[in-house]
Amino acid sequence: MIQLYNSLTRTKEDFVPIGDEVKMYVCGVTVYDDSHLGHALSSIIFDVLARYLEYRDYRVKKVQNFTDVDDKIINRAKSDGVPWEEITERYINSFYESIDGLNVRRATVEPRVTEDMPEIIGLIERLIDCGSAYELNGSVYYRVRSNPDYGKLSGQNIDQMLEATRGELESGKENPADFALWKAVKPDEPMWESPWGPGRPGWHIECSAMAFKHLGEQIDIHGGGLDLIFPHHENEIAQSESASGRVPFARVWMHNGMLRISNGQEMSKSLGNAFNVKTALKEFSPDAIRLWILQSHYRSNPLLDKKLMGDAERSMRRIRSAAEITAEDVIESEKSLNADSYKRRFIEAMDDDLNTPQALAAIFDLCRKMNRSRTDGIDVSDAAELVRELTGVLGFTLEAPPKKAEGLTDTAVEALVQQRKAARAEKRWADADAVRDQLDAAGISISDTGGETAWSRS
RNA sequence: GGCGACGUGGCCAAGUGGUUUAAGGCGGAGGUCUGCAAAACCUCUAUUCGGCGGUUCGAAUCCGCCCGUCGCCUCCA
């Protein structure tokens, strides 16, 4: 039985989907800049969740949106002096480049706000009809007081929040905590026609509308970063439940932790220290980045530190070399390593609220067991197959790290390797070592196994 | 001010009442293998879980206080 921690109830709960298909919605990105490693963290975690659910024989429909109408996009368009559509197009492509590079599978549906405008407007109309929203000067606001449950996710209560929000308040709202569902048009901003006049949707309504459209009015899992709990997810719950009358809107709310940067501060865009995914991928393999993330539990706050990614790169080599063992590499043997207990450990760990550090520990232990068994003349090809299976569930590619562009060509390396081979055959060790040093300097490492010499770029 | 998270070895990080005197990874030390290396394997690397009290037959795990770090309450994965 899979158990997941539900932010709404603050407990781990047995996961029981409503229907025969898991309906999962994950808050996507606002496309106004390149993706940073925080996005990578969230994407990888919910990628692993979807992969694991499928591994456990669930059918999964995952919806992840693009917010392509937003203040930050408008501002970016202004500062770049281009139409806002160009900004969103550019960064949607950039997002895909990053996410593909990280071997994150695409969601089943990836809706954009601009493409689901009729549903958004329709949902706002429903909210007005049921008394949960009101129009004011061409804008529409959600009436927070209409919902006694408001605040249940974040543990906030309206009065306390208001104390904190003293100061600038939009005039005319019934309650300062009421939030915009529809924003009346301002000069030079994207706009759509609506029953309340031209304007654009508020931030929160899109997710409710898209979840309703693509998944239905009650869903199994809703995911996103911890920072979205308030106000975004709180508002999403309020809107969705007011409109549909179905409670809860999402059975399980899952929130991933925030990246920490080395000096202890949160990594946030406003600090301007975002670490670009594409930049990271130039230096580290997607597997190293994934391992670095999955070695912490998804609800913790991993340290963003290049050293740790480098450590993960080295760790990956162990797993990769174990996974690379195929039937041909195996010594003829009657005895075969039975890896069932490792598979059970893996599943047990993942069932327990996606405990990837424990699941990885099972894989590392299995790799060690395989190496040990191999020297004992035991057939480990089935175990290697299991390593491939389990690492696949975690989304690893098992591909070697990116090749350094500079340096020697393959043929040049081969020539040097042959040169060294000759030297070794004649026991001219100094010459052989000189070649090895030369290769090493060019970022190529060598290993002599049996009669053969293997080389790889590091 | 309100809501919340966290503090485990040199670094990262599981574990949340007994089979854990604490998994796994990285790093380090020694060894096997090797011409020497690399990789791999073996052994070692926290009697201890921020501090102080308490509950309990028994706590890193529960309770209280204190110290420290961080997040949310405004846009953020």
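Residues numbered from 1 in each chain as written. Chains lettered and ligands numbered in written order. Predicted model: local features only at pLDDT ≥ 70, side-chain atom pairs only at ≥ 80, totals over all residues. Heavy atoms only, no water.

1. Let's talk about the overall build of chain A
- Across its full length, chain A holds 15 helices and 14 strands.
- With the C-alpha coordinates aligned to their principal axes, the bounding extent of chain A is approximately 90 × 50 × 35 Å.
- Split into buried and exposed, the 458 residues of chain A put 51% on the buried side.
- In chain A, the proportion of contacts linking residues at least 24 apart, taken out of those at least 6 apart, comes to 76%.
- Put simply, chain A shows about 21000 Å² of open surface, and 47% of that area lies on carbon and sulfur atoms.
- Positive and negative charge centroids in chain A, built from 57 and 75 side chains respectively, lie 5 Å apart. (Helix = DSSP H or I, 4+ residues; strand = E, 2+ residues; numbered from the N terminus. Buried < 20%, exposed > 50% of the residue type's maximum accessible area, 1.4 Å probe, protein only. Contact = heavy atoms within 4.5 Å. Areas by Shrake-Rupley, 256 points an atom, 1.4 Å probe, with all protein chains shown as cover. Lys, Arg positive; Asp, Glu negative; His and termini not counted. Charge placed at Lys NZ, Arg CZ, Asp CG, Glu CD.)

2. Looking at the protein's contact with RNA strand B
- Surrounding RNA strand B, one finds 60 residues, the nearest of these being K72, W203, S315, R372 and R436.
- When the atoms of RNA strand B within 4 Å of the protein are sorted by group, sugar and phosphate make up 71%.
- Taking Q295, its main chain carries an N or O atom lying 3.3 Å from a sugar or linking oxygen of RNA strand B.
- For RNA strand B, a base nitrogen lies 3.0 Å from a polar atom in the backbone of D448.
- Top element by residues in the surface near RNA strand B is helix α12 (residues 356–375). It accounts for eight residues.
- In the surface near RNA strand B, the residues fall into 17 nonpolar, 26 polar and 17 charged. (Near = heavy atom within 4 Å. Polar contact = N/O pair within 3.5 Å; in protein donor to acceptor, adjacent residues only side chain to side chain. Nonpolar A, V, L, I, M, F, W, Y, C, P; charged D, E, K, R; others polar.)

3. A word on the packing of helix α4 (residues 117–129) against helix α6 (residues 205–214)
- Across the interface, α4 lies against α6 with an axial gap of 9 Å and an inter-helix angle of 105°. By the angle between their axes, α4 is roughly perpendicular relative to α6. Residues E119, I120, L123, I124, R126 and L127 of α4 pack against I205, E206, S208, A209, F212 and K213 of α6.
- Grouping the amino acids of the contact of α4 with α6 by side-chain chemistry returns seven nonpolar, one polar and four charged. (Axes fitted to C-alpha atoms, helices over the stretch in contact; angles between N-to-C directions. Parallel < 35°, antiparallel > 145°, perpendicular 65-115°, else oblique.)

4. Concerning the sheet that holds strand β7 (residues 179–184)
- Ordered in space as β5-β6-β7-β8, the four strands form an open sheet in which the pairing is antiparallel. Each end of this open sheet is capped by a strand with a single partner; those strands are β5 (133–136) and β8 (199–201). Each neighbouring strand pair of the sheet contributes to a mean axis angle of 20°, computed without reference to strand direction.
- Taken together, the three bridges between strand β6 (residues 139–142) and β7 define a ladder with antiparallel strand orientation. When the bridges of β7 are listed, V140 appears paired with W182. (Pairing = 2+ DSSP bridges.)

5. Here's the deal with the pattern of salt bridges
- Overall, the coordinates contain 37 salt bridges when judged by the stated rule.
- Linking D80 and R90 is a salt bridge whose minimum nitrogen-to-oxygen distance equals 3.0 Å. Remark: R90 occurs in helix α3 (residues 84–101) and D80 occurs in helix α2 (residues 71–80); sequence separation between them is 10 residues.
- The exposure class assigned to R90 is partly exposed, which follows from its relative accessible area of 32%.
- Connected through salt bridges with shared partners, the residues D33, R76, D80 and R90 form a single ionic network. (Salt bridge = Lys/Arg side-chain N within 4 Å of Asp/Glu carboxyl O.)

6. A closer look at the nonpolar core
- Formed by 127 residues in total, the largest nonpolar core has its most connected members in L37, I221, I289, F346 and M370.
- Broken down by element, this core gets its largest block of residues, 11 residues, from helix α1 (residues 37–55).
- Mapping this core onto the domain boundaries places at least three of its residues in each of domain 1 (3–261) and domain 2 (306–393).
- Apart from the residues within four sequence positions on either side, I289 is in contact with L37, I44, L102, A280, L281, F284 and M309. (Core = buried A, V, L, I, M, F, W, Y, C linked by side-chain atoms within 4.5 Å. Domains from an automatic or database assignment.)

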